Amino acid sequence: MKSEDKNDRAYHYIRNEIIQGKLKPLDTVDQTLIAKQLECSRLPVRQALLRLSLEGLVTYVSNKGAKVTPLSMEDLVEIYSARISLESMLAKVGARKCELGQILELKRLLDAIKVAVEKQDSVQFLQLDERFHDVLYRASGYLYICSLTDQLRQRALRYLHVYASSRDHLQSSLDEHTQIVEAIQAKKYELVGELIKAHIEKGMEVLAKEISNTDHLREAE
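To start, this report covers the structure provided alongside it. (Residues numbered from 1 in each chain as written. Predicted model: local features only at pLDDT ≥ 70, side-chain atom pairs only at ≥ 80, totals over all residues. Heavy atoms only, no water.)

Moving on: the nonpolar core. Counting 47 residues, the largest nonpolar core has Y80 and L136 as its most contacted members. Counting residues per element, the ones that place at least two in this core are α4 (73-97), α5 (100-118), α6 (122-138), α7 (143-163), α8 (167-185) and α9 (189-220). The contact partners of L136, leaving out residues within four places of it in the chain, are L90, A91, G94, A95, C98, L106, I180, I184, V192 and I196. V29, L38, V45 and V58 belong to the second-largest nonpolar core, a separate cluster that totals 18 residues. (Core = buried A, V, L, I, M, F, W, Y, C linked by side-chain atoms within 4.5 Å. Buried < 20%, exposed > 50% of the residue type's maximum accessible area, 1.4 Å probe, protein only. Helix = DSSP H or I, 4+ residues; strand = E, 2+ residues; numbered from the N terminus. Contact = heavy atoms within 4.5 Å.)

And the structure:
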């Protein structure tokens, strides 16, 4: 296997472990263990950690190596505030421009999301959720702004996995997606934008409480 392939494999492996919460905030990344799991030397693991440090997912601590960066209230507010502004606009315009095929695709995705919620499959739920939003937003024709929301989505993945870890949150999100599809079908385009705004704001509020509780526990240790 080429060194670039080994580097990419190590990068994606560690990144997924962090995003999905298997490596938790402040956990030390065991380079030797990961190298053994991936059957490679420690060099690709070190290269992967450098890339992840640039993304803010790991932080190097003196004499302790790389640790998973804690979830941050400042990071949450920055990401979600930008999402609210961009995605509510894209949703409103996208809803107005949605053609029949796109509406049918949204309904198909909604049915699939329902199955994922019933199975409590948060990974599948998030994949379908991303596709749902992508179909709606790209209907707007504003592809550059869609690319910006894609980048924000990648930054938000850790937070989204935390949110989707609760069955109640999954069910609530399903209900909100159902309302969005109903508003599109009813041609209530302003409402679609408002529903997306409320959907993201609710997620931010839940996550802010989660981060605050985690911070208090950390201070008590």
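One pass over the full model with this rule turns up zero aromatic pairs. Between R51 and the ring centre of Y11, over which it is positioned, the NZ or CZ distance is 3.7 Å. The ring of Y80 is capped by R83, whose NZ or CZ atom sits 5.0 Å from the centre of that ring. (Phe/Tyr/Trp six-rings, centres within 6.5 Å; stacked < 30°, edge-to-face > 60°. Lys NZ or Arg CZ within 6 Å of the ring centre and 35° of its normal.)

Further remarks concern the packing of α5 against α8. Direction vectors running N to C along α5 and α8 enclose 165°, while the axes themselves pass 10 Å from each other. In terms of orientation, α5 lies roughly antiparallel with respect to α8. When you trace α5 past α8, the crossing you get is left-handed. On α8, the residues that touch I103, L106, K107, L110, I113, K114, V117 and E118 of α5 are R167, L170, Q171, L174, H177, T178, V181, I184 and Q185. Residues that form the contact of α5 with α8 fall into these classes: nine nonpolar, four polar and four charged. (Axes fitted to C-alpha atoms, helices over the stretch in contact; angles between N-to-C directions. Parallel < 35°, antiparallel > 145°, perpendicular 65-115°, else oblique. Left-handed = near helix turned anticlockwise from the far one by under 90°. Nonpolar A, V, L, I, M, F, W, Y, C, P; charged D, E, K, R; others polar.)

With respect to the helices and strands, S88 occurs in helix α4. Take S88: its relative accessible area is 15%, and that puts it in the buried class. In terms of polar contacts, S88 uses its side chain to reach the backbone carbonyl oxygen of S85, at 3.4 Å. With near-sequence residues (within four places) excluded, S88 lies in contact with R83, G193, I196 and K197. (Polar contact = N/O pair within 3.5 Å; in protein donor to acceptor, adjacent residues only side chain to side chain.)

A few words on the pattern of salt bridges. Overall, the coordinates contain 14 salt bridges when judged by the stated rule. The partner of R138 in a salt bridge is D134, and the shortest N-O contact between them spans 2.8 Å. Of this pair, R138 and D134 both sit in helix α6, four residues apart, roughly one helical turn. The residue K197 makes a salt bridge to E201 at a minimum N-O spacing of 2.7 Å. Pair noted here: K197 and E201 are both in helix α9, with a separation of four residues, about one helical turn. Judged by its relative accessible area of 36%, K197 falls in the partly exposed class. Salt bridges linked by common partners bring E105, R108, R131, D134, R138 and D150 together as one network. (Salt bridge = Lys/Arg side-chain N within 4 Å of Asp/Glu carboxyl O.)

Take α6 next. Compared with an ideal rise of 1.5 Å per residue, which puts 17 residues at 24 Å, α6 spans 24 Å between its outermost C-alpha atoms and is within 8% of the ideal. Those residues of α6 that fall on the buried side of the exposure criterion are F125, L126, L128, D129, F132, H133, D134, V135, L136 and Y137. For α6, the capping residue at the N-terminal end is D121, with a side-chain oxygen 3.3 Å from the backbone nitrogen of V123. (Expected span 1.5 Å × (residues − 1).)

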